[in-house]
Amino acid sequence: MASKLSAGDSRTRSSVSIFIVVGLCCFFYLLGAWQRSGFGKGDSIALEMTKTGADCSVLPNLNFDTHHSGDVGIIDNSGSKVKNIKPCHSRYTDYTPCQDQSRAMTFPRENMNYRERHCPPQEEKLHCLIPAPKGYVTPFPWPKSRDYVPYANAPYKSLTVEKAIQNWIQYEGNVFRFPGGGTQFPQGADKYIDQLMSVIPIENGTVRTALDTGCGVASWGAYLWKRKVIAMSFAPRDSHEAQVQFALERGVPAVIGVLGTIKMPYPSRAFDMAHCSRCLIPWGANDGMYMMEVDRVLRPGGYWVLSGPPINWKVNYRSWQRPKEELQEEQRKIEEVAKNLCWEKVSEKGETAIWRKRVNADSCRASQTNLCDSSDPDNAWYKKMEACITPYAKSNTEAGEELKTFPERLNAVPPRIASGSVPGISVETYLEDNRNWRKHIHAYKRINKIIDSGRYRNIMDMNAGLGGFAAALESPKLWVMNVVPTLAEKNTLGVIYERGLIGIYHDWCEAFSTYPRTYDLIHANGLFTLYKDKCEFEDILLEMDRILRPEGAVIIRDEVEVLVKVKKIVNGMRWDTKMTDHEDGPLVPEKILIAVKQYWVTGENNSTSSQ
């Protein structure tokens with residue numbers, strides 16, 4: 001019996017090895033398509049595999065029958081006709097469904113409601129592939145992308161005129177150049193950050209996550225990156241043309257968003273620093289509601305930076321062309337709200353003021369009024385913003401006082417888990433999750449050897465869990481948008497932020513708040529099982545296609561029965577795909593679907609040329 005088991009194990013290992021080798025062949029053959037790109041011209045490994053002319057067709061189709069005999073009936077091997085999904089009209093190249101301008105204008109202007117998320121109903125959703133504009137090319141690799149963006153990828157020049165004297169953006173031939181300037185930092189974001197560092201402990205790892213409200217083209221976040229600070233930047237769509245699109249083309253984390261009537265889609269106590277550089281938000285209005293929302297997402301001990309009006313109004317009111325009395329009253333309201341929030345002003349120099357949130361509630365209990373009644377301050381998805389103060393957490397550990405500096409905090413036990421405030425997640429569960437994701441990432445890198453080469457800059461994890469995928473991938477060459485679905489059994493986004501990562505709440509039955517073609521690599525672990533019977537797989541896959549760059553990659557990890565259904569849809573979407581076994585072998589029912597989105601643009605071999 002022992003010899004039979006040994007022989008069986010040997011055959012299994014042999015078949016898995018053959019499968020991995022041929023799977024690598026096929027994947028890198030697909031990656032050879034990157035040679036068409038204008039700038040990111042693929043990887044030498046992909047080129048070498050393409051030169052060999054490897055015949056991937058020798059790989060037999062995966063046969064799940066022997067591994068899943070009890071569930072064979074679920075697998076659709078009937079060879080039924082694939083639905084071929086057509087391209088959308090060329091006018092949809094920059095379509096953002098939930099921030100569509102024509103729909104937005106039907107909503108009230110009050111409190112920026114019209115600039116918030118307003119998604120189309122099911123019957124109005126587009127069921128077509130969003131085309132890339134003519135001339136689209138792969139962006140420059142980081143850090144060159146911070147300073148240069150191909151004109152063809154976001155062909156909008158209005159900011160080069162409107163912000164010409166403020167050093168936001170300049171048009172030079174076939175590229176845009178970003179000098180790193182801003183309205184409040186004409187000498188450049190670097191020097192501006194140096195000034196902030198004289199007050200805020202940015203470089204020692206204490207400050208890791210930042211929120212930039214009204215970010216413009218996100219130069220502040222772009223230049224924080226080399227200080228090992230990752231900023232979540234947001235701005236409304238078309239307040240200035242394509243600002244968030246430019247940010248993402250540069251390789252800087254950003255989403256379309258606005259402080260309006262609903263809460264920001266982030267958990268409480270998430271950010272180490274929040275920033276507004278002339279972001280035009282009326283901070284003192286609505287009884288200080290917007291400052292109270294910043295306070296909700298700011299961790300105890302975190303910093304709030306306000307740069308621009310009304311700070312230093314006595315000197316600047318003439319250049320701002322605003323009455324002294326109006327600016328004086330605006331600053332008075334801000335100071336009043338900050339005092340009620342128990343923020344301490346630690347600096348005011350020139351047009352920049354910095355406050356610090358108290359570490360704990362002990363010194364605030366007597367002064368703070370109008371506390372929120374909500375028992376769950378993390379419950380933010382489509383929840384109305386309130387003019388009330390989020391209470392401090394019950395314990396200092398849970399509040400984040402014991403948060404370690406970065407990068408140690410990336411793999412240390414997060415305070416929310418140590419305090420037991422995430423039901424069902426123990427310290428042991430967390431550590432096991434970390435071990436599993438290190439193993440998964442090792443397998444991904446065997447399949448796609450260029451994951452951390454710099455080819456992929458903007459990465460999304462659509463069902464992020466505890467952030468293990470992003471933590472195992474951590475690299476100065478890339479960043480990960482960790483999405484915690486609103487349907488997830490456990491709310492783990494606060495844990496992700498405590499690790500020094502960034503993320504957002506989202507419901508994948510709706511479109512994501514970003515422009516098309518803004519992510520290089522998308523990862524989906526168990527996502528389609530989570531959304532089974534909740535909304536159409538086709539809608540989710542079309543949204544993935546919308547936000548994925550041409551020649552970008554997808555990794556979907558799920559149960560085999562689910563992946564078979566997903567693959568059938570994807571076969572009509574201009575994706576090249578390959579199904580592989582779980583890294584632990586073919587007996588594991590979980591499989592991995594890998595894909596590369598084909599390169600195509602509007603008017604090229606598709607129906608848009610005649611519409």
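Residues numbered from 1 in each chain as written. Predicted model: local features only at pLDDT ≥ 70, side-chain atom pairs only at ≥ 80, totals over all residues. Heavy atoms only, no water.

As annotated in an unreviewed UniProt entry, the protein is Methyltransferase from Heracleum sosnowskyi. Annotation of the protein in UniProt includes, under Sequence similarities (unreviewed entry), the sentence "Belongs to the methyltransferase superfamily." (UniProt positions renumbered as here; feature names shortened; annotations may be inferred.)

Can you lay out the packing of aromatic side chains for me, pointing to particular residues and giving the numbers?
Applying the stated criterion across every chain yields a total of 19 aromatic pairs. Aromatic side chains tyrosine 266 and phenylalanine 271 sit 5.4 Å apart centroid to centroid with 90° between the ring planes, which places their arrangement in the edge-to-face category. Classification of tyrosine 266 by relative accessible area gives buried; the value is 1%. When the centroid spacing of 6.1 Å and the interplanar angle of 85° are considered together, the rings of tryptophan 437 and phenylalanine 469 count as edge-to-face. Pair noted here: tryptophan 437 is in helix 14 (residues 427–447) and phenylalanine 469 is in helix 15 (residues 468–473), with a separation of 32 residues, a long-range link. The residues tryptophan 437 and phenylalanine 469 share a single accessibility class, namely buried. An aromatic cluster is present here, built from Tyr151, Tyr171, Phe176, Phe178 and Phe246 joined pairwise through their rings. If you follow arginine 109 out to its NZ or CZ, it ends over the ring of tyrosine 114, 4.6 Å from the centre. Positioned above the aromatic ring of tryptophan 225 is the side chain of arginine 457, whose terminal nitrogen or guanidinium carbon lies 4.4 Å from the ring centre. (Phe/Tyr/Trp six-rings, centres within 6.5 Å; stacked < 30°, edge-to-face > 60°. Buried < 20%, exposed > 50% of the residue type's maximum accessible area, 1.4 Å probe, protein only. Helix = DSSP H or I, 4+ residues; strand = E, 2+ residues; numbered from the N terminus. Lys NZ or Arg CZ within 6 Å of the ring centre and 35° of its normal.)

Outline the confidence of the model for the protein, supporting the account with residue identities and numerical values.
Taken over all residues, the pLDDT of the protein has a mean of 85, while the share at 70 or more is 82%. Predicted confidence for residues 1–78 stays below pLDDT 50, and this span has 92 contacts to residues more than four positions away or in other chains. (pLDDT = per-residue confidence, 0-100. Contact = heavy atoms within 4.5 Å.)

How would you explain the sheet that holds strand 9 (residues 343–349) if you had to name every residue and give the values?
What the seven strands build is an open sheet, ordered 6-5-4-7-8-10-9; its pairing is mixed. The sheet is open, and its two edges are formed by strand 6 (254–256) and strand 9, each paired on a single side. Recorded for the sheet is a direction-independent mean angle of 20° between the axes of neighbouring strands. Inspection of the sheet shows strand 9 paired to strand 10 (residues 352–357) by six bridges, in the antiparallel sense. In the sheet register, lysine 349 faces strand 10, and the bridge partner there is threonine 352. Each of strand 4 (209–213), strand 7 (271–277), strand 8 (298–307), strand 9 and strand 10 is contacted by helix 9 (residues 289–297), which is oriented at about 140° to strand 8, the strand it contacts most. Taken strand by strand, helix 11 (residues 324–340) contacts strand 8, strand 9 and strand 10, and its axis lies near 140° from that of strand 9. (Pairing = 2+ DSSP bridges. Axes fitted to C-alpha atoms, helices over the stretch in contact; angles between N-to-C directions.)

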